[in-house]
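Secondary and tertiary structure notes
Spelled out from the first residue to the last, the chains are:
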Amino acid sequence: MFGLKAKSKKVVLDKIPRHIGIIMDGNGRWAKKRLKPRVFGHKAGMEALQEVTIAASELGVKVLTVYAFSTENWSRPQDEVSFIMDLPVTFFDKYVPILHENNVKVQMIGETHRLPEETLNALNAAIEKTRRNTGLILNFALNYGGRAEITSAVRLIAQDVLDAKLNPGDVTEDLIANYLMTDHLPYLYRDPDLIIRTSGELRLSNFLPWQSAYSELYFTSVLWPDFKKAELLKAIGEYNRRHRRFGGV
């Protein structure tokens, strides 16, 4: 059992989410408050990610899916996009050995075709290095968009129907889930129990729309670089206070 003292009250964490999704928002605003360029915030965000990943692993979380770069983020200024694309190289060089020591397994969802070669090589190297690990799965959503994911799944199913591999009547929710990018995750952990968004924004921004149908949502004004282990415990503490009914009573 884990606890955290907050405002003199102890938060008891007796229910640990199996899968947590995080929309890591606020790097740019964090840097601006410190009169630094936006890229300074992205660098600080990497350090927060390492701490949160290890904390989640210690708590017994099975999957941590982090929204690292969306399909819409390509519209940002080119210098910022280039810096963000370099971050996986830096992150994996610096932090993967530490994550590997903690039995963390790196995986990814998203379209790889637009990723720079160096970024993709770093990602593949991290996946290969950690592929035999049996602990928490750190699942990067990189060049990911939920609507694009569902569109791709529909195309694949339609093609299998045309190829007589499926009949229209075979299409169920479980079958659709098998065509989504999260199909590589263990079946019981595919859908997030809890989704956290930092920085005070109150939307999901195209993050796991199918998988989050019954996720508990937690929004905080804390900017991502300041979201450390204590903030993760607060979020899980709030999750513990909720009663999940999945449409029932």
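We now turn to the structure provided with this report. (Residues numbered from 1 in each chain as written. Predicted model: local features only at pLDDT ≥ 70, side-chain atom pairs only at ≥ 80, totals over all residues. Heavy atoms only, no water.)

**Focus: the sheet that holds strand 8 (residues 216–219)**
- With parallel pairing, the six strands of this open sheet are ordered in space as 5-6-4-3-7-8. Each edge of the open sheet is held by one strand with a lone partner, namely strand 5 (105–109) and strand 8. Mean inter-strand twist for the sheet, computed between neighbouring axes without regard to direction, equals 20°.
- Here strand 4 (residues 63–70) pairs with strand 6 (residues 137–144) via seven bridges, running parallel. Its bridge partner lying in strand 6, leucine 64 is registered against leucine 138.
- Of the strands in this sheet, strand 5 and strand 6 are in contact with helix 4 (residues 117–130), which crosses strand 5 at around 135°. (Pairing = 2+ DSSP bridges. Helix = DSSP H or I, 4+ residues; strand = E, 2+ residues; numbered from the N terminus. Axes fitted to C-alpha atoms, helices over the stretch in contact; angles between N-to-C directions. Contact = heavy atoms within 4.5 Å.)

**Quick notes on the packing of helix 2 (residues 38–59) against helix 3 (residues 78–101)**
- It is the contact of helix 2 with helix 3, at a shortest axis distance of 10 Å, that shows an interaxial angle of 30°. As judged from the angle between their axes, helix 2 and helix 3 are roughly parallel. Helix 3 is crossed by helix 2, and the crossing has right-handed handedness. Contacts from Arg38, Val39, His42, Lys43, Met46, Glu47, Leu49, Gln50, Thr53 and Ile54 in helix 2 reach Glu80, Phe83, Ile84, Leu87, Thr90, Phe91, Tyr95, Ile98 and Leu99 in helix 3.
- When its residues are assigned to classes, the contact of helix 2 with helix 3 shows 11 nonpolar, four polar and four charged. (Parallel < 35°, antiparallel > 145°, perpendicular 65-115°, else oblique. Left-handed = near helix turned anticlockwise from the far one by under 90°. Nonpolar A, V, L, I, M, F, W, Y, C, P; charged D, E, K, R; others polar.)

**Describing a nonpolar patch on the surface**
- A grouping of Leu202, Leu217 and Phe219 is seen on the molecular surface, where their side chains present a nonpolar patch of about 270 Å² in accessible area.
- Structurally, leucine 202 can be placed in the loop between strand 7 (194–197) and strand 8. (Patch = residues over 30% accessible without salt bridge, like charges linked within 9 Å, V, L, I, M, F, W, Y side chains within 5 Å. Areas by Shrake-Rupley, 256 points an atom, 1.4 Å probe, with all protein chains shown as cover. Salt bridge = Lys/Arg side-chain N within 4 Å of Asp/Glu carboxyl O.)

**Notes on the nonpolar core**
- Within the largest apolar cluster, 49 residues are counted, with the highest numbers of intra-cluster contacts made by Ile20, Ile22, Phe92, Leu138, Ile196 and Leu232.
- If one sorts the elements of this core by residue count, helix 3 sits on top with 10 residues.
- Counting residues in hydrophobic clusters, the runner-up holds nine residues, among them Tyr67, Ile109, Tyr144 and Ile195. (Core = buried A, V, L, I, M, F, W, Y, C linked by side-chain atoms within 4.5 Å. Buried < 20%, exposed > 50% of the residue type's maximum accessible area, 1.4 Å probe, protein only.)

**Section: the pattern of salt bridges**
- Within the structure shown, the criterion is met by 15 salt bridges.
- One salt bridge in this structure joins glutamate 201 and arginine 29, with 3.2 Å as the shortest N-O distance. With glutamate 201 in the loop between strand 7 and strand 8 and arginine 29 in helix 1 (residues 27–33), this pair connects stretches of sequence that are 172 residues apart.
- Overall, arginine 29 belongs to the partly exposed group, its relative accessible area being 34%.
- The partner of arginine 203 in a salt bridge is glutamate 201, with the nearest N and O atoms 3.0 Å apart.

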